[in-house]
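Architecture and fold: a report
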Amino acid sequence: MPEQPGRNAIEVRGVRKVFGIGESQVAALDTVSVSIRENEFFTLLGPSGCGKTTLLRLIAGFDFPSAGEILLHGQDIAPLPPFKRPVNTVFQNYALFPHMTVAENIGFGLEMLGKPKTEVKARVAEMLKLVKMEALSNRRTSQISGGQQQRVALARALAPQPKVLLLDEPLSALDFKLRKEMQIELKRLQHETGITFIFVTHDQEEALTMSDRIAVMSSGKILQIGTPWDIYDKPAERFVADFIGETNFLTAAISGMGNGKARATLKSGVTIDATVAEGFQPKDNATVVVRPEHAKLTSGKGDLSGTVENIVYFGTDTHIHVRLDSSEAFTVRQQNTRSAGCGFELGDRVGISIGNDAAQILRD
Amino acid sequence: MASRFDIRRQTGFATIAMICFFALYLPIITLVVYAFNAGSSIAIWEGVSLRWFYQAWNNNQVVDASIRSLQISSVAAIVSTIVATMAALATTRTKPYPGLGFKYAFINQPLMVPEIVTAVALLIFFSRIKIWTGYSGLGYLMVAHTAFCIPFAYLPIRARLENMDLSLEIAAADLYATPWKAFRRVTFPLLWPGILAGLMLAFVISLDDVVITEFVKSGGQDTLPTYMLGQFRRVITPEINAISTVFLLISILIVTVFFFISRKKDQE
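Residues numbered from 1 in each chain as written. Chains lettered and ligands numbered in written order. Predicted model: local features only at pLDDT ≥ 70, side-chain atom pairs only at ≥ 80, totals over all residues.

**Examining the overall build of chain B**
- Looking only at helices and strands, one finds twelve helices and zero strands in chain B.
- Secondary structure elements of chain B, listed N to C terminal, follow the sequence α-α-α-α-α-α-α-α-α-α-α-α.
- Taking the principal axes of the C-alpha coordinates as reference, chain B spans close to 70 × 70 × 30 Å.
- Across the 268 residues of chain B, 29% fall into the buried class.
- Here the contacts in chain B between residues at least 6 apart in sequence split such that 77% fall between residues at least 24 apart. (Helix = DSSP H or I, 4+ residues; strand = E, 2+ residues; numbered from the N terminus. Buried ≥ 20, exposed ≤ 12 C-beta atoms within 10 Å, placed from the backbone. Contact = placed C-beta atoms within 7 Å.)

Right, here's the structure in full:
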């Protein structure tokens with residue numbers, strides 16, 4: 001799908017960010033380009049140190065790029081200081097002003113913009129309602145819980161109606177249940193306000209459940225941009241497949257390419273069809289990935305064979321770890337039923353059949 | 001729980017604590033008690049009286065020295081706190097660079113150079129200026145006091161700035177606050193208890209300085225401490241006790257007021 005330039009909220013063009021001087025120079029961002037559409041819930045996903053927060057800080061204006069452009073609705077904002085950018089941030093530690101009440105915090109941005117008092121008051125009331133904090137509007141921020149602080153931080157960043165809202169791992173300090181609640185809450189807020197959200201996280205599950213599109217980052221580069229479905233089911237390279245969800249990696253000899261598919265001969269001698277990552281020309285040997293839920297364990301002969309090494313019960317499903325005869329490890333995920341066990345025991349000889357369309361060949 | 005080390009349960013702790021308390025407060029208590037002595041000795045008790053308070057109040061030299069002390073200390077405390085606040089902002093709100101450590105040392109120089117050295121240097125320096133300008137007012141003492149008060153005001157302000165969450169200022173900038181507005185609305189209110197602490201400290205340090213004052217002052221510019229020191233060379237009467245007691249009361253009052261102001265700030 002060709003992208004229309006006018007519909008992009010943020011365009012990052014060839015941005016580099018180098019920290020340090022001389023020999024101790026480190027490129028936190030290595031020539032990154034990405035377009036983020038209007039009204040999109042866009043996630044920057046990657047392990048710590050991958051450059052995702054650096055990119056967010058460049059968009060917010062807390063740092064300036066060493067090279068490249070950052071366009072907001074077509075206008076280069078890279079040289080502007082943060083207070084001149086119609087972009088607001090929800091900080092990881094919330095950064096609420098401790099000497100102000102909840103309502104004063106939320107109204108701060110509007111007040112700085114020089115909006116009349118009555119307008120500020122009305123907007124603050126509206127935001128308090130949006131995040132369901134009306135009852136606590138006169139509390140100090142130190143007198144409310146972590147989840148409530150999170151809501152205030154959101155309301156404060158949303159109140160000036162920014163063109164883009166930046167969220168820097170805002171859920172990482174919350175406990176599991178509250179985090180799940182806030183994930184849904186964030187989606188609702190994004191939907192209701194129609195503001196473009198750029199969300200930074202290292203939690204792949206959070207990224208998959210919340211995002212319209214995800215950019216997977218590693219060592220200062222964007223490895224792949226796509227919908228959660230793209231990223232999970234059609235990872236472009238090994239790092240992406242490994243980082244998102246659980247994956248089995250097998251080495252295979254490649255023969256016969258065509259129609260986006262290749263014939264891959266596994267170490268067990270069985271040959272299967274596998275899709276090839278876009279734009280990739282595999283040579284003789286390549287890595288084949290199979291998700292644990294796309295393979296099936298049989299007591300008879302399958303595409304692969306091995307011995308059950310470990311069985312881990314997860315409630316909804318069971319993970320069965322198999323040591324293949326080729327000495328590679330392989331995990332199969334099997335849905336649990338209420339009455340029956342998983343049907344296998346440690347040390348069992350088993351076969352593994354790989355479903356049609358389950359295998360993919362990756363760039364290493 | 002029982003095995004946890006607690007210094008309060010160590011043998012002798014209570015004894016040591018009591019000795020410290022007596023060493024600190026017994027002389028002060030004695031001083032205050034003898035301020036009310038009816039006799040003219042600071043060691044022999046002859047009954048309760050307020051006569052030494054009256055006498056001090058009616059002693060023009062005491063009153064003049066007190067007023068002079070308050071003038072010098074107020075100016076020195078306010079000016080040094082302003083300078084210290086700016087210095088603290090400049091040294092903490094910046095990326096570390098070579099030479100920053102040297103700047104810390106430069107600001108804190110009065111803490112490291114022996115006071116007597118500064119005093120002699122100022123005496124020589126100011127006497128030159130006096131010859132050139134002909135001015136010989138209290139300004140010299142004010143400048144001298146301001147200079148050595150700066151590090152005392154600087155330390156609590158810098159400590160407060162360093163403990164302050166930097167993301168608060170970044171958040172203010174993110175919410176459209178210009179650097180000046182961010183300072184006025186976020187940094188300054190949060191820094192205020194530190195500034196107040198610096199101001200108090202500078203005031204108290206200036207108020208009881210003897211060495212530098214003694215060297216820098218011109219004739220008839222006695223501050224309260226140098227006046228009292230001069231009195232000790234003659235006859236010692238409980239008048240000294242009475243003056244000290246009044247000043248003790250004033251400093252307790254100031255510290256109490258400060259305590260309540262800063263506590264209220266933190267609760268807000």
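**A look at the interface of chain A and chain B**
- The partner chain B presents 16 residues to the 17 residues of chain A that form the contact.
- Contributions of two or more residues to the side of chain A that touches chain B are made by strand S6 (87–90) and helix H2 (102–112) of chain A.
- Per-class residue counts for the side of chain A that touches chain B are eleven nonpolar, five polar and one charged. (Nonpolar A, V, L, I, M, F, W, Y, C, P; charged D, E, K, R; others polar.)

**Concerning the sheet that holds strand S13 (residues 271–276) of chain A**
Residue and element names in this part refer to chain A.
- Strand order in the closed barrel made by the five strands is S11-S12-S13-S20-S14, with mixed pairing throughout. Strand-to-strand twist of the sheet, defined as the mean angle between neighbouring strand axes without regard to direction, takes the value 50°.
- In terms of strand pairing, strand S11 (residues 248–258) meets strand S14 (residues 285–290) through six bridges, oriented antiparallel. By the bridge assignment, Thr 251 is partnered in S14 with Thr 287. (Pairing = 2+ DSSP bridges. Axes fitted to C-alpha atoms, helices over the stretch in contact; angles between N-to-C directions.)

**Some remarks on the confidence of the model for chain B**
All names here are of chain B.
- This prediction gives chain B a mean pLDDT of 87; 96% of its residues lie at or above 70.
- No element of chain B has a lower mean pLDDT than helix H12 (residues 238–267), at 79, and none a higher one than helix H3 (residues 60–92), at 93.
- ipTM for the predicted complex: 0.80, alongside a pTM of 0.79. (pLDDT = per-residue confidence, 0-100.)

**Thoughts on the packing of helix H7 (residues 139–163) of chain B against helix H9 (residues 179–207) of chain B**
Residues and elements named next belong to chain B.
- Between H7 and H9, the shortest axis-to-axis distance is 8 Å and the interhelical angle comes to 155°. One way to sum up the angle between H7 and H9 is to call them roughly antiparallel. Handedness of the crossing formed by H7 with H9: right-handed. Residues His 145, Cys 149, Phe 152, Ala 153, Tyr 154, Pro 156, Ile 157, Ala 159, Arg 160 and Leu 161 of H7 pack against Leu 191, Pro 193, Gly 194, Ile 195, Ala 197, Gly 198, Leu 199, Leu 201, Ala 202, Ile 205 and Ser 206 of H9. (Parallel < 35°, antiparallel > 145°, perpendicular 65-115°, else oblique. Left-handed = near helix turned anticlockwise from the far one by under 90°.)

**Here's the deal with the domain arrangement of chain A**
- For chain A, the domain assignment lists domain 1 (5–233) and domain 2 (246–362).
- Measuring from the centre of the C-alpha atoms in domain 1 of chain A to the corresponding centre in domain 2 of chain A gives 39 Å. (Domains from an automatic or database assignment.)

**Topic: unusual backbone geometry**
- For Ala 95 of chain A, which is not glycine, the phi dihedral falls at a positive 50°.
- The residue Ala 95 of chain A is located in the loop between S6 and H2 in this model.

**A word on H7 of chain B**
- Its 25 residues give H7 of chain B an end-to-end C-alpha distance of 36 Å, which sits within 8% of 36 Å, the value for a rise of 1.5 Å per residue.
- The largest bend along H7 of chain B measures about 35° and falls at Cys 149 of chain B, with the proline Pro 151 of chain B one to four residues further on. (Expected span 1.5 Å × (residues − 1). Bend = angle between axes of the 7 residues up to and from the residue.)

**Comments concerning helix H6 (residues 115–133) of chain B**
- The terminal C-alpha atoms of H6 of chain B, which comprises 19 residues, lie 26 Å apart, in line with the 27 Å expected from a rise of 1.5 Å per residue.
- Positioned one or two residues after H6 of chain B, Gly 134 of chain B has a phi angle of 80°, which is positive.

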